[in-house]
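Coordinates in review
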Amino acid sequence: QRPAVVDIIKALPELSSFREALQETELLTALEGGGPFTVFAPSNTAIELLGPGVLDTLRSGQNEQKYLDLLRYHVVYAELRTSDMHP
């Protein structure tokens, strides 16, 4: 049996910023539920490239929906394999 997507996200230190964002919005809990899910998880480096203050602005209460939308953009509610992807 393959590891659950949440277990992979929790195990990889380079995904800690994404994991924290998922936890803040309770999306991590949602990913623990039914599935299947495919997650295109941005690395800590990718999140840092957003620029100074961008993540903090998104986390503010005024931008909650934009923050959720950004995180949900990285989750596909289906099991995708590399063979399913086409340029």
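As shown above, the structure is provided for reference.
These notes cover the structure that comes with them. Since the model is a prediction, treat every value here as computed from it, not as a measurement.

Focus on the packing of aromatic side chains
What the rule picks out here adds up to one aromatic pair. Ring plane angle 75° and centroid distance 5.3 Å describe the contact between Phe37 and Tyr77, whose orientation is recorded as edge-to-face. You can see Phe37 sitting in the loop between helix 3 (27-32) and strand 1 (38-39) and its partner Tyr77 sitting in the segment after strand 2 (75-76), a full 40 residues away along the chain. Classification of Phe37 by relative accessible area gives buried; the value is 18%. Accessibility expressed as a relative area gives 55% for Tyr77, which makes it exposed.

A word on a nonpolar patch on the surface
A surface patch of nonpolar side chains, amounting to about 250 Å² of accessible area, comprises Phe40, Leu80 and Met85. For Phe40, the position within the fold is in the loop between strand 1 and helix 4 (44-48). When its relative accessible area of 38% is taken as the criterion, Phe40 is described as partly exposed.

Observations concerning the environment of Val5
Counting through the fold element by element, Val5 comes out in helix 1 (residues 5-11). Sequence spacing of Val5 and Val54 is 49 residues, and the spatial spacing of their C-alpha atoms is 26 Å.

As for helix 2 (residues 16-24)
Residues of helix 2 that are buried: Ser16, Phe18, Arg19, Ala21 and Leu22. Turning to helix 2, the residues buried within the fold contact helix 1, helix 3, strand 1, helix 4 and helix 6 (64-72). Glu26 lies just past helix 2 and shows a positive phi near 65°.

Thresholds applied
Residues numbered from 1 in each chain as written. Predicted model: local features only at pLDDT ≥ 70, side-chain atom pairs only at ≥ 80, totals over all residues. Heavy atoms only, no water. Phe/Tyr/Trp six-rings, centres within 6.5 Å; stacked < 30°, edge-to-face > 60°. Helix = DSSP H or I, 4+ residues; strand = E, 2+ residues; numbered from the N terminus. Buried < 20%, exposed > 50% of the residue type's maximum accessible area, 1.4 Å probe, protein only. Patch = residues over 30% accessible without salt bridge, like charges linked within 9 Å, V, L, I, M, F, W, Y side chains within 5 Å. Areas by Shrake-Rupley, 256 points an atom, 1.4 Å probe, with all protein chains shown as cover. Salt bridge = Lys/Arg side-chain N within 4 Å of Asp/Glu carboxyl O. Contact = heavy atoms within 4.5 Å.

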